[in-house]
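These are the residues of each chain, in order.
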Amino acid sequence: MNNFKKINNLLGWVVFVIALITYAATVERTASFWDCGEFIACAYKLQVPHPPGAPLFLLIGRLFSLLAGSDKTQVAYWVNMSSVVASAFTILFMFWTIVLIGRKVINKKFEELTQGEAISLLGAGLVGSLAYTFSDTFWFSAVEAEVYAMSSFFTALVVWAAFKWELIEDEAAANRWLIFTAYIVGLSIGVHLLNLVTVPALALLYYFRKYPKPTYLGGFASIFVGLLILGIINSGIIPGLPSMAFTFEKLFVNTFGLPYGSGALFFVVLLIGLLVFGILYSIRKQKVILNVSLLSLVFVLIGYLSYTLALVRSNYNPPINENDPSNILNYVKYLKREQYGDRSLLFGPVYTAQIESVEQGDDVYKMKDGKYVVYDHKPKYVYQKDQQMLFPRLYSNSPAHIQLYQDMLGIPPGQKPSFNDNLKFLFTHQMGHMYMRYLLWNFGGRESDIQDAWAISPFQDKSKLPELLAHNKARNNYFYLPLILGILGFVLLYRKNEKDFLVMIIMFVLTGLALVVFLNSPPTEPRERDYIYVGSFYFFAIWIGLGVIQLAELLGKFLPNASTRAGIATAVCMVIPVILVQQNWDDHDRNHRYHQVDFAKNLLNSCAKDAVLFTGGDNDTFPLWYVQEVEGFRTDVRVCNLSLLGTDWYIDQMKRKTYESDPLPIKLDKDKFLEGVNDQVIFYENPNVKNGINLEEYMKLIREDNPAIKVPLQNGEMINTLPSSTLFVPTNAAAVKKQGFIPKDLEPLLTDTLSWNIGNKDLVKNDLIQLEIIANNASENWKRPIYFATTLGSESYLGLKEYMQLEGYAFRLMPFKIPGAKDGFVNSDIMYNNMMNHMFWRDLDNPKTYYHTDFYLQVPVVSARLSFLRLADQLIREGKKDKAIACLNYCLKVMPDATIPYDQLSANYVGLYASAGDTKKALQIADVMMNRNDKALDYYFQTIHVIMNVISKPLYMKCRLL
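No experiment lies behind these values; they were computed from the predicted model shown.

Conventions adopted
Along each chain, residue indices are assigned from 1 in the same order as the chain's sequence is written. Restriction of local features to residues with pLDDT of at least 70 applies here, the model being predicted, together with a cutoff of 80 or more for giving and counting side-chain atom pairs; totals for whole chains, interfaces and linings are based on all residues. Heavy atoms from the whole structure form the basis of all side-chain values; hydrogens and water molecules are not counted. Each helix corresponds to a stretch of at least 4 residues labelled H or I by DSSP, and each strand to a stretch of at least 2 residues labelled E; elements are numbered beginning at the N terminus. Burial here depends on accessible area, computed with a 1.4 Å probe over protein chains only, as a share of the maximum for the residue type. Under 20% is buried, over 50% is exposed, and the range in between is partly exposed. Under this rule, positive means Lys or Arg and negative means Asp or Glu; His and the chain ends count for nothing. Whenever a carboxyl oxygen of Asp or Glu lies within 4 Å of a side-chain nitrogen of Lys or Arg, that contact is scored as a salt bridge. In this description, contact between two residues means that some pair of their heavy atoms is separated by no more than 4.5 Å. Expected span of a helix: the number of residues minus one, times 1.5 Å. Here an axis means a line fitted to C-alpha atoms, over the contact stretch when the element is a helix, while the angle between two N-to-C directions is reported on a 0 to 180 degree scale. Oblique is the label for any angle not covered by the other classes, which are roughly parallel (under 35 degrees), roughly antiparallel (over 145) and roughly perpendicular (65 to 115). Left-handed describes a crossing in which the near helix is turned anticlockwise from the far one by less than a right angle; the clockwise case is right-handed. Residues are grouped as follows: Ala, Val, Leu, Ile, Met, Phe, Trp, Tyr, Cys and Pro are nonpolar; Asp, Glu, Lys and Arg are charged; every other residue, Gly included, is polar. In this description, a nonpolar core means a group of buried Ala, Val, Leu, Ile, Met, Phe, Trp, Tyr and Cys residues linked to one another through side-chain atoms lying within 4.5 Å. Confidence scores per residue from the predictor, reported as pLDDT, run from 0 to 100. For Phe, Tyr and Trp, rings pair up if their centres lie within 6.5 Å, where Trp contributes its six-membered ring, and each pair is then called stacked (planes under 30 degrees apart), edge-to-face (over 60) or tilted (otherwise). Any Lys NZ or Arg CZ found within 6 Å of a ring centre and within 35 degrees of that ring's normal is scored as a charge over the ring.

Hey, could you go over the side chain of Arg812 for me, with residue numbers and the actual values?
Of note, Arg812 is situated in strand S18 (residues 810–813). Of the side chains with opposite charge, Glu807 lies nearest to the buried Arg812, which makes no salt bridge, at 4.4 Å. Those residues in contact with Arg812 that sit more than four places away from it in its chain are Ala608, Phe741, Pro785, Ile786, Tyr787, Tyr803, Met804, Gln805 and Glu807.

Printed below as a string of structure tokens:
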């Protein structure tokens, strides 16, 4: 078919446009939860996000952010659009890749194709690429500012380039394609490392091209070489080169007495010199393989150079500067992602293992007096030998995880899990629940968006389902058609082209099940992790496309005309993308979804001017960073993330002025909070300290490194202790009254001492710095308001809840106590004003806006409902029933049941409305909730009945009685 290439190019751009329009129409308009707020803020001002940083992603995001012009509220939209464009290009290259693989299945050159073969080949490209366009996981990543969309683009480009390389007959031109592929791999490192796992499969593809008569030994050798290259890039180049540079740096600085940076500079010059020499040598000696290998390495390094962004920008001390990689010490830690720790993969302890001893590990350096000085060693934990095993999957010693291990596997408490338990967890949970479930989500259907939802049962009677399932927009039923067509494509490739079948299988496994093994997931995650395996779903979608060719071949038994059966096969299979887009549109359309940003503004607006706000996880910090850094909202509030406050670099940042926020009152010198120093202060009760500890004096002892509060460990090391669980802070009551923030009716509670019990527990570094801030702020007569987000875990409040006044989404620490207020006390005047007049609720009442269950059952809506309910309860207690009803009515107005369904908190509406005198509204809400829950209970009891009849009738009856 002479014009095939023109049609192929045209249709490729057609699917590109379809994908671009789809994603642009459904793109997030602002910053999503999780990492998106951080990435958008860092892209906008080229700051330094969490390791390893995604520098190329940030640079591209910065270019897109310029399209917002002077309207800062549009920055997030345009950075999100970078993912839209990258995803559309992914679909473009996927189309062409399916066509390239399909041609090899047909085993003809493009010019030799008959009309029927051309139609089936192009139909394969259309169906496969459009099926992936509208697939659940890829579409989710395509419309937000996360790295997975751009990472998918680089994967698609690399795979397309590799199959394109096969067609190049001229050796010199083919080698250029190899170097181009290496460059793309290098660039992809600056987005995400997932792209690297395709390297072993590409090595096998190279072997098949170079050796027409392959052997098993040769195939295994090529895969091994590919794994070796993967290891060199992942361990030898990314963290390895900076580590080698640091070795030279120590030599030049510590031994030769040269200035900082001299050794690293020498290493860079030496590396460039060696590469230039090697390339010139390969040219002179006509060593083609060596030449291509060295040039490929050079281009990988050129792509890798995007990581210098973190080094350069960190030296300017931007507000977001995670790990502070401004010097080679921190830069190496940043690239090695040391803050995340590691998990044993081949051999290690299980959750029952106890630490037998702690040995000295690697040296820990600091820069002092022009030298690199060892001041500590990383701890190296030695575990009981009989509590370790090969391939440990049951490794986490978190109490919550241990309980889940025991419940899931039926292991008695205290009993060491067996190797069979280990494998059972791998296959049932890690590979089953955390991978196969996601695969079925994308190609079979999804039951709902409730955490841990399973794949859908395709012929379930929807009328019998509870409302939360029946009307769940993420309840998507594909009737398993994409899965079936993918299996047909799998069979076709196995029958027709064993070499490409092996290449595709390796790519599919390495981006799927191999990642499951490598990541070694714990028994529970804070959210669904399907986005990790998007590369695996990409390769399965290629099989979906090839399934069109298989179906056309099967129709040959009934339809002799090749063009007719190819057209019918394509038309029938196009039903799959149509089903996918119809089912998935409503739960992937993020138009009018603003509350993740509004939640951040509401949290900031819960705070008085110049406040310090303690936050915890990603979702109550990253949106705050976004609204402050991008939109310039409430930059007077200093957001202080407790998860990061245990790191020396973050404490350093808190000691600097940022925008309108003055430095936090931290007097500790850096030597007292360096990595490894005061990471833990152990509770060691001193009987001589009967009346508690003056916190100001105690922090002074910490600053002085005073031996009075130290005890020796078994290894002889001295460690700071907390000698009492009772702490107190002196307060100048008269000076505090003049500040004007104490309610008049509560002034009698103000005393000259704030005293509380923190509990018999060790202090970690972030606890210590919190106490330092509180003590120093108290000594300045409570000059700065200190707030704790309501989303924090109970441990983060340091036992101070009776001193905390709820003013919205945050508790304000007050210098007086309300005895018995175990969950703080409400200032109804301030909180009513904040909740009713200073909060944002855009489109929470819009029934067309999709809020997935994880969204409205977790941080933002729980915070909003709980705040409204607590406020209404306090107003009723104070006899202000009209204001209580107004508060409840406003809550239901901005978050109606139609868009944010009643949850477990909503039962409180009934009692509060009744107590406030509106029994009609109370009964109305009760009726809705009772009918809904009655239907849900019937459904779940029927489900349990079926299960228990199969397993055990007596056990079922016991459950009913309970």
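Once the structure has been displayed, the description carries forward.
Describe helix H30 (residues 765–779), with residues and values.
The first and last C-alpha atoms of H30 sit 21 Å apart over 15 residues, in line with the 21 Å expected at 1.5 Å per residue. For H30, the buried fraction is high: 14 of the 15 residues fall into the buried class. Backbone geometry just after H30 places Asn781 at a positive phi near 60°.

Requested: an account of the packing of helix H1 (residues 4–26) against helix H5 (residues 115–133), with residues and values cited.
A packed helix pair is summarised by two numbers, namely the angle formed by the two axes and the spacing between the axes. As a packed pair, H1 and H5 sit with axes 11 Å apart at the nearest point and diverge in direction by 15°. Accordingly, the angle class assigned to the pair H1 and H5 is roughly parallel. For the element pair H1 and H5, the recorded crossing hand is right-handed. Contacts between H1 and H5 involve Phe4, Ile7, Asn8, Leu11, Val15, Ile18, Ala19 and Tyr23 from the former and Ala118, Leu121, Leu122, Leu126, Ser129, Leu130, Tyr132 and Thr133 from the latter. Looking at the contact of H1 with H5 residue by residue, the classes come out as 13 nonpolar, three polar and no charged.

Which residues make up the nonpolar core, and what values do they have?
With 283 residues, the main nonpolar core has Leu613, Phe614, Tyr698, Trp756 and Trp841 as its most contacted residues. Top element by residues in this core is helix H4 (residues 75–106). It accounts for 20 residues. With sequence-adjacent residues up to four places away left out, Phe614 is seen in contact with Cys640, Leu642, Leu645, Gln770, Ile773, Ile786, Tyr787, Phe788, Ala789 and Leu792. Counting eight residues, the second-largest nonpolar core is a separate cluster that includes Tyr351, Leu394, Ile402 and Phe425.

So what's going on with helix H9 (residues 199–210)? Residues and values would help.
Between the first and last C-alpha of H9 there are 16 Å, a value that for twelve residues agrees with the 16 Å anticipated at 1.5 Å per step. The element H9 is largely enclosed, with a buried count of nine among its twelve residues. What H9 keeps buried is the set Val199, Pro200, Ala201, Leu202, Ala203, Leu204, Leu205, Tyr207 and Phe208. Lining the buried residues of H9 we find H4, helix H7 (147–167), helix H10 (216–237) and helix H20 (498–510).

Could you give an account of the packing of helix H31 (residues 828–837) against helix H33 (residues 859–877), with specific residues and numbers?
The geometry of H31 relative to H33 is characterised by a closest axis approach of 10 Å and an angle of 140° between their N-to-C directions. In terms of orientation, H31 lies oblique with respect to H33. The two elements H31 and H33 cross, and the hand of that crossing is left-handed. Only Ala864, Ser867, Phe868, Leu871, Gln874 and Leu875 of H33 make contact with H31, whose side of the interface consists of Ser828, Met831, Tyr832, Met835 and Met836. In terms of residue class, the contact of H31 with H33 is made up of eight nonpolar, three polar and no charged.

Explain the pattern of salt bridges residue by residue, including any values.
Tallied over the full model, the rule gives 41 salt bridges. One salt bridge in this structure joins Glu338 and Lys378, with 3.0 Å as the shortest N-O distance. With Glu338 in the loop between helix H15 (328–336) and strand S1 (347–349) and Lys378 in strand S3 (residues 371–383), the pair connects residues that are 40 residues apart, well separated along the chain. Between Asp897 and Arg932 there is a salt bridge, with the nearest N and O atoms lying 2.8 Å from each other. Placement of the pair is Asp897 in the loop between helix H34 (881–894) and helix H35 (907–916) and Arg932 in helix H36 (residues 919–951), with a sequence separation of 35 residues. Here Asp897 and Arg932 have matching classes, each one buried. It is possible to trace a salt-bridge network through shared partners that takes in Glu28, Glu144, Arg590 and Arg593.

Run through the confidence of the model for the protein chain, naming residues and quoting values.
When pLDDT is averaged along the protein chain, the result is 92, and 98% of the positions lie at 70 or above. Under a pLDDT of 50 for its full length, residues 951–962 has, in the predicted model, eight contacts with residues more than four places off or in other chains.

Run through the packing of aromatic side chains, naming residues and quoting values.
Going through the model one piece at a time under the given rule, you end up with 64 aromatic pairs. Relative to Phe788, the ring of Phe614 has its centre 5.0 Å away and its plane inclined at 55°; by these criteria the two rings are tilted. Taken as a pair, Phe614 in strand S7 (residues 612–615) and Phe788 in strand S16 (residues 786–789) lie far apart in primary sequence, 174 residues in all. On the accessibility criterion, Phe788 (0% relative accessible area) is buried. One aromatic cluster in this structure is built from Tyr435, Tyr438, Trp441, Phe443, Phe490, Tyr494, Phe501, Phe508, Tyr533, Phe537, Phe540 and Trp543. The lysine or arginine in question, Lys601, covers the ring of Phe840, its NZ or CZ lying 5.3 Å from the ring centre. The side chain of Lys801 reaches across the aromatic face of Tyr797, ending 4.2 Å from its centre.

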